[in-house]
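Listed here are the chains, written in short residue letters.
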Amino acid sequence: MKLPGFVNRLRFRLLVASLLIELVMMVALVSNSLRLIDAHLTNQTERRITAIELAYKTAVALPLAARDYATLRDVIDGWRQADDVVYLVVTDAQGQILAASGWPEGQPLPLASPQVQGQQNREVLHVSFPVDVLGQSYGTLHYGLSMRFLQAARHDLLVQGLGIVALEMLLSFLALYAVGFWLTRHLAYLTEASSRVAEGHYDIRLPYAAQDEVGQLTQNFNRMAEAVQSRVTLLADHLARQKIILNALGEGIYGQDSAGRC
């Protein structure tokens, strides 16, 4: 399969190599940023779970110890108004449900998640903690914490990260293309000029202003073209003189090589 002509150009190869390096660096940077932000969100979720435990334990302990289950239900019904609390259930020491809000009746309670880390892909994080008063356990509070906010945050971060990578690649492409064109334009002129010299146009000269390697290469090309043109001119003059001399002779002339061949 024959590749397009622009694939073999130095400008294209430099552009592709630079973009690949830029892509690798951007992916590494964005991936690390997403990892750090995700770890921060996970840490914030763990802190919220700790804060919920401290607040809920204090409020539940008194009605639970007094067996005031009506007040207990009112308390957990009020807590469930929070957007991220899916359900709340209070059980006694034997695991019997004393009060519930948002949990289907008759359905067994799920096992509590040991930690937030590794649970981010779940829609609901199940948490439970004992309710103690003066060292005596009166029961356990179970609740479900919605993880949709964390999933939404991760999704938004991923979309924004990909958008940043795409925008950075586009800007890098435009910048690298402009810089590559500016750096290699003289090489394109040299390539075209050398092709014309190979076709017999020995009077080709290229202007140069830069004093860098490309400028030196242009000067050397002009010197080479002048030398070739001078040699070709001398050879043409020499052949012309030989033709005039041979045409002026009245006798035939032939030559032999070292083997005696005419």
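A quick note: this is a predicted structure, and the numbers were derived from the prediction, not measured. (Residues numbered from 1 in each chain as written. Predicted model: local features only at pLDDT ≥ 70, side-chain atom pairs only at ≥ 80, totals over all residues. Heavy atoms only, no water.)

Observations concerning the overall build of the protein
Consideration 1: The helix and strand tally for the protein stands at four helices and four strands.
Consideration 2: Beginning at the N terminus, the succession of helices and strands in the protein can be written as α-α-β-β-β-β-α-α.
Consideration 3: Among the 262 residues that make up the protein, the fraction classed as buried is 26%.
Consideration 4: Counted over contacts in the protein with a minimum sequence separation of 6, partners at least 24 positions apart contribute 56%.
Consideration 5: If you sum the accessible surface of the protein, you get close to 18000 Å²; carbon and sulfur atoms cover 59% of it. (Helix = DSSP H or I, 4+ residues; strand = E, 2+ residues; numbered from the N terminus. Buried < 20%, exposed > 50% of the residue type's maximum accessible area, 1.4 Å probe, protein only. Contact = heavy atoms within 4.5 Å. Areas by Shrake-Rupley, 256 points an atom, 1.4 Å probe, with all protein chains shown as cover.)

Quick notes on the pattern of salt bridges
Consideration 1: Scanning the entire structure with this criterion turns up two salt bridges.
Consideration 2: Note that Asp84 and Arg48 form a salt bridge whose closest N and O atoms lie 2.6 Å from each other. Taken together, the positions of Asp84 in the loop between helix H2 (69-79) and strand E1 (85-91) and Arg48 in helix H1 (residues 10-65) put the pair 36 residues apart, joining distant regions of the chain.
Consideration 3: With relative accessibility at 16%, the residue Asp84 sits in the buried group.
Consideration 4: Among the residues examined, Arg48 registers a relative accessible area of 34% and is labelled partly exposed.
Consideration 5: The closest approach of N and O atoms between Asp257 and Arg261, which form a salt bridge, is 2.9 Å.
Consideration 6: Residue class for Asp257 comes out partly exposed when judged on its relative accessible area of 32%.
Consideration 7: Judged by relative accessible area, which is 59%, Arg261 ranks as exposed. (Salt bridge = Lys/Arg side-chain N within 4 Å of Asp/Glu carboxyl O.)

Considerations on the environment of Met26
Consideration 1: Considering the arrangement of structural elements, one finds Met26 in helix H1.
Consideration 2: The spatial distance from the C-alpha of Met26 to the C-alpha of Ile164 is 8.7 Å, given a sequence separation of 138 residues.

Details of the environment of Phe221
Consideration 1: Note on placement: Phe221 falls in helix H4 (residues 213-248).
Consideration 2: Among the residues examined, Phe221 registers a relative accessible area of 7% and is labelled buried.
Consideration 3: With 17 residues separating them along the chain, Phe221 and Ile204 place their C-alpha atoms 9.6 Å apart.
Consideration 4: Those residues in contact with Phe221 that sit more than four places away from it in its chain are Leu190, Ala193, Ser194, Val197, Ile204 and Leu206.

Some thoughts on the sheet that holds strand E2 (residues 97-101)
Consideration 1: Spatially, four strands are ordered E2-E1-E4-E3 in an open sheet, and the strand pairing comes out antiparallel. With one partner strand each, in any of the chains shown, E2 and strand E3 (124-133) form the two edges of the open sheet. For this sheet, the mean angle separating the axes of adjacent strands, direction not counted, is 15°.
Consideration 2: Pairing between E1 and strand E4 (residues 136-146): six bridges, direction antiparallel. (Pairing = 2+ DSSP bridges. Axes fitted to C-alpha atoms, helices over the stretch in contact; angles between N-to-C directions.)

Quick look at H2
At 3.6 residues per turn, the α-helix brings residues three or four places apart onto the same side.
Consideration 1: Residues of H2 that are buried include every one of Leu72, Ile76 and Trp79, and no others. Down the axis of H2, the buried set is contained in an arc of 55°. They therefore lie on one face. (Arc of directions from axis to C-beta.)

Some thoughts on unusual backbone geometry
Glycine aside, the phi torsion of most residues is negative, and most peptide linkages are trans.
Consideration 1: If you check the backbone angles, Arg67 has positive phi at about 60° while not being a glycine.
Consideration 2: Within the secondary structure, Arg67 is located in the loop between H1 and H2.
Consideration 3: In this structure Arg67 comes out as exposed when scored by relative accessible area, which is 63%.

What about the nonpolar core?
A general trend in soluble globular proteins is that nonpolar side chains are found buried together.
Consideration 1: By size, the foremost hydrophobic cluster in this structure holds 23 residues, and its most contacted members are Tyr56, Val60, Leu88, Leu141 and Tyr143.
Consideration 2: The set of elements that each furnish at least two residues to this core consists of H1, H2, E1, E2, E3 and E4.
Consideration 3: Sort the elements by how many residues they give to this core and H1 lands first, with six residues.
Consideration 4: Aside from chain neighbours lying at most four places away, what touches Val60 is Leu72, Trp79, Val90, Val131 and Leu141. (Core = buried A, V, L, I, M, F, W, Y, C linked by side-chain atoms within 4.5 Å.)

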